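Structure assessment
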Amino acid sequence: MRLLVVLVCVMLWTGAARADHPYVLVHGSWVGAWYWQPVVDGLRAAGHPAYAVSLRGDGDSAAAGGPDVAMDDYIADIGAVITANDLHDVILVAHSFGGKPATGAWDRWRDRIAQLVWIEAVAPLDDSATAIPGDSRSLAFIVMSMPDAADTGMLPPSPTLRETACKPLAPMPLKALYDTVTLQNGPLPPTPGRFVIASRSRAPIFRQYAERLRATRGWNVIELDSGHDVVGDAPDALIAVLLGLK
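To start, this report covers the structure provided alongside it. Predicted model, so just to flag it, every value in this text is computed and none were measured. (Residues numbered from 1 in each chain as written. Predicted model: local features only at pLDDT ≥ 70, side-chain atom pairs only at ≥ 80, totals over all residues. Heavy atoms only, no water.)

1. As for the environment of Arg-56
Positionally, Arg-56 belongs in the loop between β2 (50–53) and α3 (71–84). By relative accessible area, which is 26% here, Arg-56 ends up partly exposed. Linking Arg-56 and Val-69, residues 13 residues apart in sequence, is a C-alpha distance of 7.4 Å. The residues touching Arg-56, leaving out its near neighbours within four places in the chain, are Ser-61, Ala-64, Gly-65, Val-69, Asp-73, Tyr-74, Ala-76 and Asp-77. A distance of 3.3 Å separates the side chain of Arg-56 from the backbone oxygen of Asp-73, its partner in a polar contact. Here the side chain of Arg-56 touches Asp-77 through a polar contact of 2.7 Å, side chain to side chain. (Helix = DSSP H or I, 4+ residues; strand = E, 2+ residues; numbered from the N terminus. Buried < 20%, exposed > 50% of the residue type's maximum accessible area, 1.4 Å probe, protein only. Contact = heavy atoms within 4.5 Å. Polar contact = N/O pair within 3.5 Å; in protein donor to acceptor, adjacent residues only side chain to side chain.)

The following block contains the structure:
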């Protein structure tokens, strides 16, 4: 915590992160808004508004979940936080699967989003109308190999995912998990962005996303000493990255 206090003081002194930029944080599969609590606490301690979204069926929105939840529902959940709080100049932050609905929110609320931070997150690779295609091959594999998931339409949490005793994980609807992200407002705007990759991640696909976005959109790529669970493994380093945005 001493490191975090020093970092916060430095950022406030230099004005590196403007207090009028609210942060909206989108979690990945099976967790909820609670996943972001260390980051929310750090951002708020530095004087920044910070809002963690619970996607439908997760965290404090668990009761609204089910197999019929689709990608558009998740996108609407992010937009609801932005509009209900009348947020502008938003720094939109997404982790892992959260990059899919966050891409849809970037499209639909583009006039309110100032910067993007993708943390080991799924990302759009081009400006076609289908920003992120559905994954019918993976869906077919799940249906074949996990009959219970096929019957219920819900994918249980990964057994390797860190879980706290008081924050249960929630199953993911297959419909949303493998759904398409379609742009409604034309090509995505040239919103400034950063991509955080984890040096100890076991999913090389995220490094490929990072390099693609660096080449096509000029995003900065930042590597942290962490596994894929960056919030759990390196919260102070991640907070420093977020506070360092200009």
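2. A few points about the side chain of Arg-194
Positionally, Arg-194 belongs in strand β9 (residues 193–198). If near-sequence neighbours (up to four positions away) are discounted, Arg-194 is found in contact with Gln-115, Leu-116, Val-117, Trp-118, Trp-219, Asn-220, Ile-222 and Leu-245.

3. Quick notes on the packing of helix α2 (residues 37–45) against helix α10 (residues 235–243)
Axis separation between α2 and α10 bottoms out at 10 Å; the angle between their running directions is 45°. Classified by the interaxial angle, the pair formed by α2 and α10 is oblique. When the axes of α2 and α10 are compared, the crossing they make is right-handed. Across from Pro-38, Val-39, Gly-42 and Leu-43 in α2, the residues of α10 making contact are Pro-235, Leu-238, Ile-239, Leu-242 and Leu-243. When grouped by side-chain class, the residues that make up the contact of α2 with α10 number eight nonpolar, one polar and no charged. (Axes fitted to C-alpha atoms, helices over the stretch in contact; angles between N-to-C directions. Parallel < 35°, antiparallel > 145°, perpendicular 65-115°, else oblique. Left-handed = near helix turned anticlockwise from the far one by under 90°. Nonpolar A, V, L, I, M, F, W, Y, C, P; charged D, E, K, R; others polar.)

4. Comments concerning the sheet that holds β2
The strands that make up a sheet pair up through hydrogen bonds in the backbone, lying either parallel or antiparallel. Pairing in this open sheet of six strands is parallel, and the strands run β2-β1-β3-β4-β9-β10 from one edge to the other. Both edges of this open sheet fall to β2 and β10 (220–224), since each of them pairs with a single strand only. Going from strand to strand, the sheet's axes swing by 20° on average, the running direction of each strand aside. Its contacts with the sheet put helix α8 (residues 205–217) on β9 and β10, and the angle it makes with β9 is roughly 155°. (Pairing = 2+ DSSP bridges.)

5. A short note on the environment of Gly-104
With respect to the element layout, Gly-104 can be found in helix α4 (residues 99–108). Residues Gly-104 and Thr-180 lie 76 residues apart in sequence; the distance between their C-alpha atoms is 9.7 Å. Excluding residues that lie within four positions of it along the chain, Gly-104 makes contacts with Ile-75 and Val-181.

6. Notes on the side chain of Asp-77
When you line up the elements, Asp-77 lands in helix α3. Those residues in contact with Asp-77, other than ones at most four positions away along the chain, are Val-53, Ser-54, Leu-55 and Arg-56.

7. Some words on the nonpolar core
Among the nonpolar cores identified, the biggest contains 74 residues, and Trp-36, Leu-92, Trp-118 and Phe-195 are the most heavily contacted of them. Broken down by element, the residue count for this core peaks at six residues, all from α3. Beyond its immediate chain neighbours, meaning those up to four positions away, Leu-92 contacts Val-24, Val-26, Ile-78, Ala-102, Ala-105, Trp-106, Ile-113, Gln-115, Leu-116, Val-117 and Trp-118. (Core = buried A, V, L, I, M, F, W, Y, C linked by side-chain atoms within 4.5 Å.)

8. Concerning the pairing of strand β3 (residues 90–95)
Working note: regular strand, side chains alternate between the two faces of the sheet. Within β3, six of the six residues are buried, which leaves the element mostly enclosed by the surrounding structure. Here β3 shows no split at all, with Val-90, Leu-92 and Ala-94 on one side and Ile-91, Val-93 and His-95 on the other all buried. Relative to β3, strand β1 (residues 23–26) runs parallel, the two sharing four bridges. Looking across to β3, one finds that Val-26 is bridged to Ala-94. Relative to strand β4 (residues 113–119), β3 runs parallel, the two being bridged by six bridges. Counted as the bridge partner of Val-90 is Ile-113 from β4.

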